[in-house]
Amino acid sequence: MKTTIAIVVAGVLACGGAAQGGAVEAHRVFLPQNMKWELAPSSLPGGAEMAVLYGDPSREGDFVVRIKAPKGYRVPPHTHSKAEFVTIISGAFSFGRGQAADRATVENLPAGSFISMPAGVLHYVFVDEDSVLQINATGPWQIDYYDPKDDPRLNIAPAGAPVR
């Protein structure tokens, strides 16, 4: 009897640990034509779309999103509070690190490229052709811009802009 109880308790603890670790609860398949694309969150510059494939980027736990960004799109220097794993599915973009978005120091990344980025790395992106990238990370996802005037959530006009 004691052995049976011990096995049941061990099984419950094992399942609970798996659930907290981001266990997959259901088999799901996403065909490209069936992905639900919406405007990217307001924390990103306008013009991009996002499809959530797994989890919820606004909550604790693992998530997977895809982002469509048009040629010419850019994300100014910023950091994230947690590690990100980025795969370029299609297109191409340029990735740089540092306080100023400088095209002279970027890495050009074609489709199929992968980036593993620890939390807190100051980086920026230039989209060189229409692109789709996938981000795997742990939520809640957040983005902190190096220069507050670059944060689309704040709507701060650049210095010298006319006041209306």
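Everything numeric here is computed off the predicted structure, so don't read it as measured data. (Residues numbered from 1 in each chain as written. Predicted model: local features only at pLDDT ≥ 70, side-chain atom pairs only at ≥ 80, totals over all residues. Heavy atoms only, no water.)

### Comments concerning the nonpolar core
Inclusion rule: In plain words, nonpolar cores are sets of buried Ala, Val, Leu, Ile, Met, Phe, Trp, Tyr and Cys residues tied together by side-chain atoms within 4.5 Å. Relative accessible area decides the class of each residue, using a 1.4 Å probe on protein chains only: under 20% of the type maximum gives buried, over 50% gives exposed, and in between gives partly exposed. Helix and strand assignments follow DSSP, with helices taken as H or I runs no shorter than four residues and strands as E runs no shorter than two, numbered in order from the N terminus. Residue contacts are defined here by distance: any two heavy atoms, one from each residue, within 4.5 Å place the two residues in contact.
If you look at the biggest cluster of nonpolar residues, it comprises 25 residues, and the most contacted ones within it are Leu44, Phe93 and Ile135. For this core, the elements supplying multiple residues, two or more each, are strand S3 (61–69), strand S5 (84–97), strand S7 (114–117) and strand S8 (123–139). Ranked by the residues each element gives to this core, the list is headed by S8, at five residues. If we ignore the near neighbours within four places in the chain, the residues touching Phe93 are Ile88, Glu107, Asn108, Leu109, Ile115, Val125, Phe126, Val127, Asp128 and Leu133.

### Remarks on the environment of Pro76
Structurally, Pro76 is set in strand S4 (residues 74–79). Given a relative accessible area of 6%, Pro76 falls into the buried group. Distance in space between the C-alpha atoms of Pro76 and Pro45 is 8.8 Å, their sequence separation being 31 residues.

### Comments concerning the pairing of S5
Heads up, the rule is: The criterion for strand pairing is that DSSP finds at least two bridges linking the strands in question.
Alignment of S5 against S7, held across four bridges, turns out to be antiparallel. The partner of Val86 across the bridge, within S7, is Ile115. Looking at chain direction, S5 and S8 are connected through 12 bridges and run antiparallel. Bridged to Val86 within S8 is Ile135. In the sheet, S5 pairs with strand S6 (residues 107–110) via four bridges, with the strands oriented antiparallel.

### Observations regarding the packing of aromatic side chains
Defined as follows: The pairing test for Phe, Tyr and Trp rings, Trp by its six-membered ring, is centres within 6.5 Å, and the orientation test on the planes gives stacked under 30 degrees, edge-to-face over 60, and tilted for anything in between. Criterion for a charge above a ring: Lys NZ or Arg CZ within 6 Å of the ring centre, and within 35 degrees of the ring normal.
Tallying each qualifying case throughout the model produces two aromatic pairs. On the numbers, 6.5 Å between centres and 10 degrees between planes, the contact of Phe85 with Phe114 is stacked. Of this pair, Phe85 sits in strand S5 while Phe114 sits in strand S7, and the two are 29 residues apart along the sequence. Looking at Phe85, the relative accessible area reads 37%, which means it is partly exposed. Ring geometry for Tyr124 and Phe126: centres 5.8 Å apart, planes at 75 degrees, overall edge-to-face. The class for Tyr124 is buried, based on a relative accessible area of 0%. Above the ring of Trp37, the side-chain terminus of Lys68 is found at 4.5 Å from the ring centroid. The ring centre of Phe126 lies 4.1 Å from the NZ or CZ of Arg103, which sits over that ring.

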